[in-house]
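Report on the structure
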Amino acid sequence: MSNAPSKIASSSSDNIAEPESCAEQTRRTLLLGALATTACLGCSAPVRAGEDPPGSDERPQKGDLLVLSEGDNEGQLVKPADLKLGGPPVRAWPKDPKTSVVRSGSRLNEILVVKLDPNELDETTRARAADGIVAYSAVCAHAACPVSEWVKADQGGDMTVFKCPCHNSEYDPRQGAQVVFGPAPRRLAALPLSLSEGSLSVAAPFIGKVGGAQPG
């Protein structure tokens, strides 16, 4: 009988200590969870919705593939077989084949791609073409407007050329996109191409300055 109170006291003491231990563990778990959540949010910050992925605003790099920048097939690879000989041109973005990042973070990266008769190209233009396919910056060298038209040259008979509708500058893609009409001070920047497994790829960075001489 003399041992009973001692046993009860011991049991009561255990019952009191146990909730304190559980409470401490709960506080520790909540603290660790909060720290883990904070760390996770910090890691995901660079790729939050609405932000351009790293590399999207970099100029075209050697080895980049070309993907359509508009239309029903936007984002698909530009295939030589899909280009009509003699135009019209298509608009495209460069795409990093390793990261799959499309370099659409800067409008200065948009490209005009057109398929022409290789015999119509001058020697310099032919050297950076891929089976007659040439690529140039889609940004006018005058005021940085989009070069969006494919028309008969104002002073070139039946020759079709790129045209910027802002101030009517015209560029001949057969002659390195040299200016054939209008106020543009220089030709469009050229993008050398090559063929890679049936798709168009960038052979070298832009040749020439991209963008306008005046604010767009």
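Structure first, text after, so check above.
Residues numbered from 1 in each chain as written. Predicted model: local features only at pLDDT ≥ 70, side-chain atom pairs only at ≥ 80, totals over all residues. Heavy atoms only, no water.

Turning to the side chain of Arg 91, a few remarks are in order. Of note, Arg 91 is situated in strand E2 (residues 90-95). Here Glu 110 takes part through its side chain, which lies 3.3 Å from a polar atom of the side chain of Arg 91. Setting aside chain neighbours within four positions, we find Arg 91 in contact with Val 67, Leu 68, Ser 69, Glu 70, Glu 110, Ile 111, Leu 112, Ala 138, Pro 146, Val 147 and Ser 148. (Helix = DSSP H or I, 4+ residues; strand = E, 2+ residues; numbered from the N terminus. Polar contact = N/O pair within 3.5 Å; in protein donor to acceptor, adjacent residues only side chain to side chain. Contact = heavy atoms within 4.5 Å.)

Judged by pairing direction, the sheet is antiparallel, and its four strands sit side by side in the order E5-E6-E7-E8 without closing on themselves. Looking at strand neighbours, the two that pair on one side only are strand E5 (149-152) and strand E8 (178-181), the edges of this open sheet. Each strand of the sheet is rotated relative to its neighbour by a mean of 45°, with strand direction disregarded. Relative to strand E6 (residues 160-164), E5 is paired through four bridges, and the arrangement is antiparallel. Bridge pairing in E6 links Val 151 to Val 161. (Pairing = 2+ DSSP bridges. Axes fitted to C-alpha atoms, helices over the stretch in contact; angles between N-to-C directions.)

The full count for this structure, using the stated rule, is two aromatic pairs. Each ring, one from Tyr 136 and one from Phe 162, has its centre 6.0 Å from the other, and the planes form 70°; the classification is edge-to-face. Here Phe 162 lies in strand E6 and Tyr 136 lies in strand E4 (residues 133-137), a separation of 26 residues in the sequence. For the pair Tyr 136 and Phe 162, one class covers both residues: buried. Judged by centre distance (5.4 Å) and plane angle (55°), the rings of Trp 150 and Phe 162 are tilted. Within this pair, whereas Trp 150 is found in strand E5, its partner Phe 162 is found in strand E6, the two being separated by twelve residues in sequence. For the pair Trp 150 and Phe 162, one class covers both residues: buried. (Phe/Tyr/Trp six-rings, centres within 6.5 Å; stacked < 30°, edge-to-face > 60°. Buried < 20%, exposed > 50% of the residue type's maximum accessible area, 1.4 Å probe, protein only.)

With that out of the way, let us pick up the environment of Phe 162. Classification of Phe 162 by relative accessible area gives buried; the value is 0%. Along the backbone, Phe 162 and Pro 88 are 74 residues apart, and their C-alpha atoms lie at a distance of 9.5 Å. For Phe 162, the contacting residues outside a window of four places in its chain are Pro 89, Leu 112, Val 114, Tyr 136, Val 147, Glu 149, Trp 150, Ser 169, Glu 170, Tyr 171, Pro 173 and Leu 188.

Formed by 21 residues in total, the largest nonpolar core has its most connected members in Val 134, Tyr 136, Val 147, Phe 162, Tyr 171 and Leu 188. When contributions to this core are tallied by element, the ones reaching two or more residues are strand E3 (111-115), E4 and E6. Once residues within four sequence positions are removed from consideration, Val 147 is found in contact with Arg 91, Leu 112, Ala 138, Val 139, Cys 140, Phe 162, Lys 163, Cys 164, Tyr 171 and Leu 188. (Core = buried A, V, L, I, M, F, W, Y, C linked by side-chain atoms within 4.5 Å.)

Moving on, we get to the side chain of Arg 128. Its location among the elements puts Arg 128 in the loop between helix H2 (123-127) and E4. When residues no more than four places from it in sequence are discounted, the contact partners of Arg 128 are Gly 176, Ala 190, Leu 191, Pro 192, Leu 193 and Ile 207.

A separate point is the pairing of strand E10 (residues 199-202). On E10, burial covers both faces: Ser 199 and Ser 201 on one face and Leu 200 and Val 202 on the other are all buried. Across four bridges, the pairing between strand E9 (residues 193-196) and E10 is antiparallel. Looking at E10, one finds that Leu 193 is bridged to Val 202.

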